Amino acid sequence: MTERTVWTILILAMIAMAVSRTFLDPSQSAGREYVKQVDGNWVKADMIDRKAGIAQVSYDRSVGLWIAAAFTLCIFSFMYRDNPFYKVAESTVVGVSAAYYMVVGLWTTLVPNLLAKLMPGLIQQWAMPGLSPELEPTGIYYIVPLILGIMLLMRLVPSMSWISLWPLAFIIGTTAGLRMIAYLEADFLSQIENSFIPLIVFTETGIDYWQSFQNTFMIVSILSCLVYFFFSIEHKGAVAGVSKFGIWILMMTFGAMFGMTVMGRIALLAIRLEFLFREWMNIRPY
Amino acid sequence: MKQSIINKLANLDRRWVFLSMLLAVAIPILLGLEFPETPTQQAINVFDEVERLKEGDRVLLALDYDPSSEGELSPMATSFVLHCAKKKVKMYFLTLYPGGPPMIQQAIQRVILTDFPNLVYGEDYVDLGYKPGYEGVVKVIITNLRELYTTDARGTNIDQIPMCQGVESIQDMDLLIAVSAGYPGCKEWVQYAKTPFPDKINLVAGVTGVQAPYLYPYVPKQLIGLLGAIKGAAEYETLVVGKYIEGEPKAAYQEGRRRMGPQLVAHLLMIFLILAGNTLYFLQSSRTKS
């Protein structure tokens, strides 16, 4: 039996299972989306709403449910090997994302932040009825970002691409300046301030040994890690010992970070499987 | 014979690992495996900070995530909105993520429209939508909200929205809740909102597991509390549901705890795989030496 045959059988079996669940599910929940109307908005309905008779099948959302399930399975198929189903799903995600970001960029950046500032009356009539039609005194200044934006697009013309370096320099300069101050305040100075903690914590009843240990361990860890990154002195003797302890602390930190990352990835897998089992196939634990 | 088994295991097709992980996550979901959650101090701090709010207080909910982080952050957002709705505070939603607006709408639909239909848009909650500019948005609205937000997500003039009247900047908020997936997110709220105005901004956050280790150093001075990954979501959910929901909560209010079952089994598998991989490595290297 060729691999192609195995794949075909597997896919047909899955489709058959999904279709049979859709038609044979006693609660008629599999493969369907139910909605109810609340204050003019269509929201997802649950079993209680269906029993109360206020829910109805939403055909467009049901089609969306099937498309979402199919794409999830297409993406999962990459775990076996690269294949055309995965490629189709991947290309669709890339294409849809690009289109989404382009539309979002137009309606959240160009229209309200540029055109609405330069031509408020026209934009109010065309797209933003809530906008004041009066031109603000500072509105005319928005001609500057318009010119910078056009200069940035000069990158597309090879003979004039050097023009795009000017707005690029402006973007890099302002971003660097903005971030430098924020990092100095929030990360550098504030973190040093946060490290000034008592090594021995006194309470009304005496010494809080656990808190004292935590504070001392934290300070020792900070200093050890700093020693590890201090290369002006050769790491020998006591310095080497402290530096080695610093490496251990760093390794534990990386381990904790890896653990947290794994947790995040498993949560992503769980949500997709929950979607397939519960929302699409209506297979629920009893 | 022993050597042959070691070699076979060492060269095991990685797809068997994928399959075992799939089963480790799928079986607990199918069996509905759940474990009791004991909230840690971080979750209690977040809960207490929301509890401290009085009816009519203003809360900014920055839902800075998109569908790629929904698995971890959607349960947090749901619990935050539920908690705020129960506390009868005024909710101001916004996002710094282009993919964030559907997440806001989902949270509103899931909690407010479904279980709190008496809450009125514009009076009890408002969706300010997405604004581009990353940390620049935070930098501006911390001193002047109207500089960037002239309308809400529906295009209504912000001055015509009752709950926005009297709000000059984010400093007028009683609490800032950041549910964040990365950049821009919680870190930027700390850097550009909390740090320059430490006495005026109260900030709590719920973040992804990847981001959490980078943000713990901000606790407790720059961040009052931090919910890390699905574990933090499950703990906070336990506190909120335990206090405000009587009887069996809806499925939407159990998402965090429900996802901890697969977490446990998958983590056990991961520990087993790490131990097995290392054992095989040492067995192989000792055989090579001998």
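Read on for a plain summary of the structure. (Residues numbered from 1 in each chain as written. Chains lettered and ligands numbered in written order. Predicted model: local features only at pLDDT ≥ 70, side-chain atom pairs only at ≥ 80, totals over all residues. Heavy atoms only, no water.)

**Brief notes about the overall build of chain B**
Then comes step 1: Each helix and strand counted, chain B has 11 helices and six strands in total.
Then comes step 2: Overall size of chain B, expressed as C-alpha extent along the three principal axes, is 80 × 40 × 35 Å.
Then comes step 3: Here chain B, with 290 residues, has 57% of them falling under the buried criterion.
Then comes step 4: Put simply, of all contacts in chain B between residues at least 6 apart along the chain, 76% involve residues at least 24 apart.
Then comes step 5: Split by element, the accessible area of chain B, about 12,000 Å² in all, is 58% carbon and sulfur.
Then comes step 6: For chain B, the separation between the mean place of its 28 positive charges and that of its 30 negative charges on side chains is 9 Å. (Helix = DSSP H or I, 4+ residues; strand = E, 2+ residues; numbered from the N terminus. Buried < 20%, exposed > 50% of the residue type's maximum accessible area, 1.4 Å probe, protein only. Contact = heavy atoms within 4.5 Å. Areas by Shrake-Rupley, 256 points an atom, 1.4 Å probe, with all protein chains shown as cover. Lys, Arg positive; Asp, Glu negative; His and termini not counted. Charge placed at Lys NZ, Arg CZ, Asp CG, Glu CD.)

**What about the overall build of chain A?**
Then comes step 1: Along the backbone of chain A there are nine helices and five strands.
Then comes step 2: Each helix and strand of chain A, placed in order from N terminus to C terminus, yields the pattern α-β-β-α-β-α-α-α-α-α-β-β-α-α.
Then comes step 3: What you see for chain A is a C-alpha radius of gyration of 30 Å, clearly larger than the 19 Å of a compact globule of 286 residues, by over 25%.
Then comes step 4: Taking the principal axes of the C-alpha coordinates as reference, chain A spans close to 75 × 60 × 55 Å.
Then comes step 5: A buried classification covers 28% of the 286 residues belonging to chain A.
Then comes step 6: For chain A, contacts bridging at least 24 residues in sequence account for 36% of all contacts bridging at least 6.
Then comes step 7: Total accessible area on chain A stands at roughly 19,100 Å², and carbon and sulfur atoms take up 73% of it.
Then comes step 8: Charged side chains of chain A number 19 positive and 19 negative; the gap between the two group centres comes to 11 Å. (Rg over C-alpha atoms; globule rule 2.2 N^0.38 Å.)

**Concerning the side chain of asparagine 83 of chain A**
Residue and element names in this part refer to chain A.
Then comes step 1: Relative to the elements of secondary structure, asparagine 83 occurs in the loop between α3 (59–76) and α4 (84–118).
Then comes step 2: The class for asparagine 83 is buried, based on a relative accessible area of 10%.
Then comes step 3: When residues no more than four places from it in sequence are discounted, the contact partners of asparagine 83 are Ser77 and Phe78.

**Examining unusual backbone geometry**
Then comes step 1: Each neighbour pair has its own omega, and for tyrosine 183 of chain B with proline 184 of chain B the value is -10°, a cis peptide bond.
Then comes step 2: The phi dihedral of asparagine 282 of chain A falls on the positive side, at around 55°, and the residue is not glycine.
Then comes step 3: Residue placement: asparagine 282 of chain A occurs in the segment after α9 (237–280).
Then comes step 4: At tyrosine 134 of chain B, a position not held by glycine, the phi torsion is positive, near 50°.
Then comes step 5: Of note, tyrosine 134 of chain B is situated in the loop between β3 (125–130) and α6 (135–141).
Then comes step 6: On the accessibility criterion, tyrosine 134 of chain B (45% relative accessible area) is partly exposed.

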